[in-house]
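# Examination of the molecular architecture
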Amino acid sequence: DVAFQVRGVRHVILLDACRSGSEPGALFRLPGSEVEHLPPLAGINLHAFRWDHALAFARWLLKEDYPETITVYLIEGQHFTVGEALSPAVEATMHRLADQLLAELRDAAA
């Protein structure tokens, strides 16, 4: 669904949790161009289809309608059990990032 939702959008911002071994709450920012050219998606199924696969699929599918800019923010998680509350470090980073993005969007709209 993500691949179709981004058609013709100028700038897309994706947020997700990650497991890199860093401190919980660590924030990573990367351009979508770093993950949109994954190996071929042969053999992938919908249960294993991640946002980075969606970007690779969208790049292939949308061609000139692919967004000009995609920015990905990843927050290092601490707990990954379904239903587990956010740790204080992760929640603090999430709120700090939300405030930052809202400020950037306000500035861009002005």
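A brief report on the enclosed structure follows.

Rules of the game
Residues numbered from 1 in each chain as written. Predicted model: local features only at pLDDT ≥ 70, side-chain atom pairs only at ≥ 80, totals over all residues. Heavy atoms only, no water. Helix = DSSP H or I, 4+ residues; strand = E, 2+ residues; numbered from the N terminus. Buried < 20%, exposed > 50% of the residue type's maximum accessible area, 1.4 Å probe, protein only. Lys, Arg positive; Asp, Glu negative; His and termini not counted. Charge placed at Lys NZ, Arg CZ, Asp CG, Glu CD. Pairing = 2+ DSSP bridges. Core = buried A, V, L, I, M, F, W, Y, C linked by side-chain atoms within 4.5 Å. Contact = heavy atoms within 4.5 Å. Salt bridge = Lys/Arg side-chain N within 4 Å of Asp/Glu carboxyl O. Axes fitted to C-alpha atoms, helices over the stretch in contact; angles between N-to-C directions.

### Looking at the overall build of the protein chain
- Along the protein chain, the regular secondary structure elements total three helices and three strands.
- What you see in the protein chain, going N to C, is helices and strands ordered as α-β-β-α-β-α.
- With respect to the three principal axes, the spread of C-alpha positions in the protein chain is 45 × 40 × 20 Å.
- Looking at the 110 residues of the protein chain, the share that counts as buried comes to 29%.
- Positive and negative side-chain charges in the protein chain, numbering 9 and 15 respectively, have mean positions lying 4 Å apart.

### Some thoughts on the pairing of strand β3 (residues 69-76)
- Taken across its eight residues, β3 has seven buried, putting it largely inside the fold.
- For strand β1 (residues 11-18) and β3, the ladder comprises eight bridges, and the chain directions are parallel. Bridged to D16 within β3 is L74.
- Where strand β2 (residues 27-31) and β3 come together, five bridges link them in antiparallel fashion. Its bridge partner lying in β3, L30 is registered against V72.

### Section: the nonpolar core
- Ranked by internal contacts, the top residues of the largest apolar core, which has 14 residues, are L14, L55, A58, Y66, I70 and V72.
- Mapped by element, the contributors of at least two residues to this core are β1, α2 (51-62) and β3.
- Setting aside anything within four residues of it in sequence, one finds L55 in contact with L14, G32, V35, E36, Y66, I70 and V72.
- Residues I75, V90, L97 and L101 belong to the second largest nonpolar core, which totals five residues.

### Notes on unusual backbone geometry
- Not every positive phi belongs to a glycine, and K63 is a case in point at roughly 50 degrees.
- Mapping K63 onto the fold places it in the loop between α2 and β3.
- Judged by its relative accessible area of 47%, K63 falls in the partly exposed class.

### Digging into the pattern of salt bridges
- Applying the stated criterion across every chain yields a total of one salt bridge.
- Across the salt bridge formed by D65 and R7, the nearest N and O atoms sit 3.9 Å from each other. Note that D65 is positioned in the loop between α2 and β3 and R7 in the loop between α1 (2-5) and β1, a separation of 58 residues in sequence.
- Judged by relative accessible area, which is 45%, R7 ranks as partly exposed.

### Details of the environment of W60
- Mapped onto the elements of the fold, W60 is located in helix α2.
- Taking relative accessible area as the criterion, W60 reaches 55% and is therefore assigned exposed.
- Taking the C-alpha atoms as reference points, W60 and A3, separated by 57 residues in sequence, lie 9.6 Å from one another.

### Remarks on the sheet that holds β2
- As summarised here, the arrangement of the three strands in space is β1-β3-β2, forming an open sheet in which the pairing is mixed. Strands at the two margins of the open sheet, each flanked by one partner only, are β1 and β2. Sheet twist, expressed as the mean angle between neighbouring strand axes with direction ignored, is 20 degrees.
- Across the sheet, α2 is in contact with β1 and β3; its angle to β3 comes to roughly 170 degrees.
- Sitting on the sheet, helix α3 (residues 88-109) touches β1, β2 and β3, and the angle it makes with β3 is about 160 degrees.

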